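# A look at the structure
Below are the chains, spelled out letter by letter.
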Amino acid sequence: MLGDGRYETLVCAGQIDGLPALTFTAPWGMHDVPWLAPSLPYVRFLASGLLSAGAWDLPAVAEYVAACPGAEGRWSAAELTALLAPER
């Protein structure tokens, strides 16, 4: 833990090419706070990261995000696919 605040817990998720893969999180558990639906800009940010990893295409990312706590029941996979599709 690195001080007070929402994202003060540093986590080492393993190593990539011999370097630590670090992330940070809140000190509480995921079921200790009420779920809120993510905003469209946040969903776009998450989806762009998943898409840039190259393992999933847009429909797979939309299905995954739509099933996540908070997004489930607020964003459908079809809505996300339409909202996240590159402009033509």
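Preceding this paragraph is the structure being described.
These lines cover the structure that appears in this document, whether it is placed above or below. Quick caveat: nothing in here was measured; it's all calculated off a predicted structure.

Calculation notes
- Residues numbered from 1 in each chain as written.
- Predicted model: local features only at pLDDT ≥ 70, side-chain atom pairs only at ≥ 80, totals over all residues.
- Heavy atoms only, no water.
- Pairing = 2+ DSSP bridges.
- Helix = DSSP H or I, 4+ residues; strand = E, 2+ residues; numbered from the N terminus.
- Axes fitted to C-alpha atoms, helices over the stretch in contact; angles between N-to-C directions.
- Parallel < 35°, antiparallel > 145°, perpendicular 65-115°, else oblique.
- Left-handed = near helix turned anticlockwise from the far one by under 90°.
- Contact = heavy atoms within 4.5 Å.
- Nonpolar A, V, L, I, M, F, W, Y, C, P; charged D, E, K, R; others polar.
- Expected span 1.5 Å × (residues − 1).
- 1 Å grid on protein atoms, 1.4 Å probe; cavity = no way out; pocket = protein on both sides within 12 Å on 5 of 7 lines; lining within 4 Å.
- Points joined across faces, edges and corners; volume = space filled by probe spheres on them.

## A few points about the pairing of strand S2 (residues 19-25)
Regular strands show a simple pattern: their side chains alternate between the two faces of the sheet. Pairing analysis gives 6 bridges linking strand S1 (residues 9-16) to S2, with the strands arranged antiparallel. Paired with Gln 15 across the two strands is Pro 20, which belongs to S2. Taken together, S1 and the strand that follows it, S2, pair antiparallel across an intervening segment of 2 residues, in which Asp 17 is found at a positive phi of about 55°.

## Quick word on the packing of helix H2 (residues 58-67) against helix H3 (residues 77-84)
Angle between the axes and distance between the axes are the two parameters that describe a pair of packed helices. Their axes nearest at 8 Å, the elements H2 and H3 cross at an angle of 130°. Comparing the axis directions of H2 and H3 gives the class oblique. By crossing handedness, the relation of H2 to H3 is classed as right-handed. Two secondary-structure elements touch here, H2 through Leu 58, Pro 59, Ala 62, Glu 63, Val 65 and Ala 66 and H3 through Ala 77, Leu 80, Thr 81 and Leu 84. Broken down by class, the residue content of the contact of H2 with H3 amounts to 8 nonpolar, 1 polar and 1 charged.

## Quick look at helix H1 (residues 40-53)
Taking 1.5 Å as the rise per residue, H1 with 14 residues should run 20 Å; its terminal C-alpha atoms sit 20 Å apart, in good agreement. Just beyond H1, the residue with positive phi is Gly 54, at close to 80°.

## Regarding the layout of surface pockets
Considered as a void within the structure, the largest pocket measures approximately 1,200 Å³ in volume. Residue lining of the largest pocket: 24 residues in total, with Tyr 7, Trp 35, Leu 36, Tyr 42 and Pro 69 positioned closest to the centre. Elements represented by at least two residues in the lining of the largest pocket include exactly S2, H1 and H2. Ranked by residues supplied to the lining of the largest pocket, first place goes to S2 with 4 residues. Grouping the constituent residues of the lining of the largest pocket by class yields 19 nonpolar, 4 polar and 1 charged.

## Overview of the environment of Leu 2
By the element assignment, Leu 2 lies in the segment before S1. With 13 residues separating them in the primary sequence, Leu 2 and Gln 15 have C-alpha atoms 21 Å apart. What Leu 2 contacts, discounting residues up to four positions off in sequence, is Glu 8 and Leu 10.

## Some points on the packing of H1 against H3
Remark: H1 packs on H3, axes separated minimally by 11 Å, with the N-to-C direction vectors making an angle of 80°. If you check the angle between H1 and H3, you find them roughly perpendicular. Between H1 and H3, the contacting residues are Leu 40, Val 43, Arg 44 and Ala 47 on the first element and Leu 80, Leu 83 and Leu 84 on the second. A class-by-class count of the residues in the contact of H1 with H3 yields 6 nonpolar, no polar and 1 charged.

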